[in-house]
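Residues per chain are reported as follows:
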Amino acid sequence: MTTGIDWDHPTDPRAGSWQLEHVKQYVGSGGTEGQYWNGTQTLLLTTVGRVSGNPVRTPLIYGEADGRYLLVASKGGADEHPLWFRNLSANPQVRIQVGPRILQGTARTADPEERAAYWPVMVKHWPAYDEYQAKTDREIPIVVIEPAA
């Protein structure tokens, strides 16, 4: 686990964004509000900034499989990966908040076999992922978070 990271004081999304409002609701309620959003489930992912070295928190849709948490690095079908995914490429140590539970873990990109199995799981949570994949030439990664024991 990464030492010296102040996981309790992350940088949140920019002011005025729906993401910041979502994070405030999630954190302010201790996870009792905000976990469910627009008909799906969300968690708060905290990564370590690849440039700053500081923790950065992002609300994301998630799925679960085999005791792991799944995230889709879609960025709405943009041609580049989201910042949180690029952070994971530099440092795979993460913190997640799932409802009231806060867990440390390690993130990795799903291998091709896992991605094939997990993609339909994630599309059930957010059908627009198929549209996002159709909009870009990059293969949208699925991230697997293994919670620490």
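Cut-offs applied
Residues numbered from 1 in each chain as written. Predicted model: local features only at pLDDT ≥ 70, side-chain atom pairs only at ≥ 80, totals over all residues. Heavy atoms only, no water. Core = buried A, V, L, I, M, F, W, Y, C linked by side-chain atoms within 4.5 Å. Buried < 20%, exposed > 50% of the residue type's maximum accessible area, 1.4 Å probe, protein only. Helix = DSSP H or I, 4+ residues; strand = E, 2+ residues; numbered from the N terminus. Contact = heavy atoms within 4.5 Å. 1 Å grid on protein atoms, 1.4 Å probe; cavity = no way out; pocket = protein on both sides within 12 Å on 5 of 7 lines; lining within 4 Å. Points joined across faces, edges and corners; volume = space filled by probe spheres on them. Nonpolar A, V, L, I, M, F, W, Y, C, P; charged D, E, K, R; others polar. Expected span 1.5 Å × (residues − 1). Axes fitted to C-alpha atoms, helices over the stretch in contact; angles between N-to-C directions. Parallel < 35°, antiparallel > 145°, perpendicular 65-115°, else oblique. Phe/Tyr/Trp six-rings, centres within 6.5 Å; stacked < 30°, edge-to-face > 60°. Lys NZ or Arg CZ within 6 Å of the ring centre and 35° of its normal. Polar contact = N/O pair within 3.5 Å; in protein donor to acceptor, adjacent residues only side chain to side chain. Salt bridge = Lys/Arg side-chain N within 4 Å of Asp/Glu carboxyl O.

Under an unreviewed UniProt entry, the protein has the name Nitroreductase family deazaflavin-dependent oxidoreductase and belongs to Streptomyces erythrochromogenes.

Caption draft 1: Structural detail: the nonpolar core. The biggest cluster of nonpolar side chains holds 20 residues, and the ones touching the most others in it are Leu-43, Leu-45, Leu-71, Trp-84 and Ile-145. Mapped onto this core, the elements with two or more residues apiece are helix H1 (18–28), strand E2 (40–48), strand E5 (68–72), helix H2 (83–90), strand E6 (93–98), strand E7 (101–109) and strand E8 (142–147). When residues no more than four places from it in sequence are discounted, the contact partners of Leu-71 are Leu-43, Leu-45, Leu-60, Ile-61, Tyr-62, Trp-84, Pro-141, Ile-142, Val-143 and Ile-145.

Caption draft 2: Up close: the layout of surface pockets. Size it by volume and the largest pocket reaches roughly 820 Å³. Considering the residues around the largest pocket, the lining is formed by 31 residues, among which Gln-19, Thr-58, Pro-59, Leu-60 and Trp-84 are closest to the centre. Contributions of two or more residues to the lining of the largest pocket are made by H1, strand E3 (55–61), E5, H2 and helix H4 (128–135). For the lining of the largest pocket, the element with the most residues is E3, which contributes six residues. Residues of the lining of the largest pocket, tallied by class, amount to 17 nonpolar, nine polar and five charged.

Caption draft 3: Structural view of helix H3 (residues 112–125). With 14 residues, H3 should cover 20 Å at 1.5 Å per step; its first-to-last C-alpha distance of 20 Å lies within 8% of that length. If you follow the buried residues of H3, they end up packed against E3, strand E4 (63–65), E5, E7, H4 and E8.

Caption draft 4: Focus on the packing of H3 against H4. It is the contact of H3 with H4, at a shortest axis distance of 8 Å, that shows an interaxial angle of 125°. Between H3 and H4, the interaxial angle falls into the category oblique. Every residue of H4 that contacts H3 at Arg-115, Trp-119, Met-122 and Val-123 is listed here: Tyr-129, Asp-130 and Gln-133. Within the contact of H3 with H4, the residues separate by chemical class into four nonpolar, one polar and two charged.

Caption draft 5: Focus on the side chain of Thr-58. Within the secondary structure, Thr-58 sits in strand E3. Filtering out sequence-adjacent residues up to four positions away, Thr-58 remains in contact with Leu-43, Leu-44, Leu-45 and Trp-84.

Caption draft 6: Highlighting the packing of aromatic side chains. Enumeration over the complete set of coordinates arrives at six aromatic pairs. Taking the centre distance of 5.0 Å and the plane angle of 10° together, the rings of Trp-18 and Trp-37 count as stacked. Here Trp-37 lies in strand E1 (residues 36–37) and Trp-18 lies in helix H1, a separation of 19 residues in the sequence. On the numbers, 5.9 Å between centres and 55° between planes, the contact of Tyr-62 with Tyr-69 is tilted. By the ring-pair criterion, three or more aromatic residues cluster together here, those being Trp-18, Trp-37 and Trp-126. Across the ring face of Trp-119, the terminal group of Arg-115 is positioned such that the distance to the ring centre comes to 4.4 Å.

Caption draft 7: Representation of the side chain of Ser-17 within the structure. Its location among the elements puts Ser-17 in the segment before H1. For Ser-17, a relative accessible area of 5% translates into the label buried. Looking at Ser-17, its side chain comes within polar contact range of the main-chain nitrogen of Leu-20, at 3.1 Å.

Caption draft 8: Here's a closer look at the pattern of salt bridges. All chains considered together, the criterion is met by seven salt bridges. Lys-75 is the salt-bridge partner of Glu-80, the closest N and O atoms lying 2.8 Å from each other.

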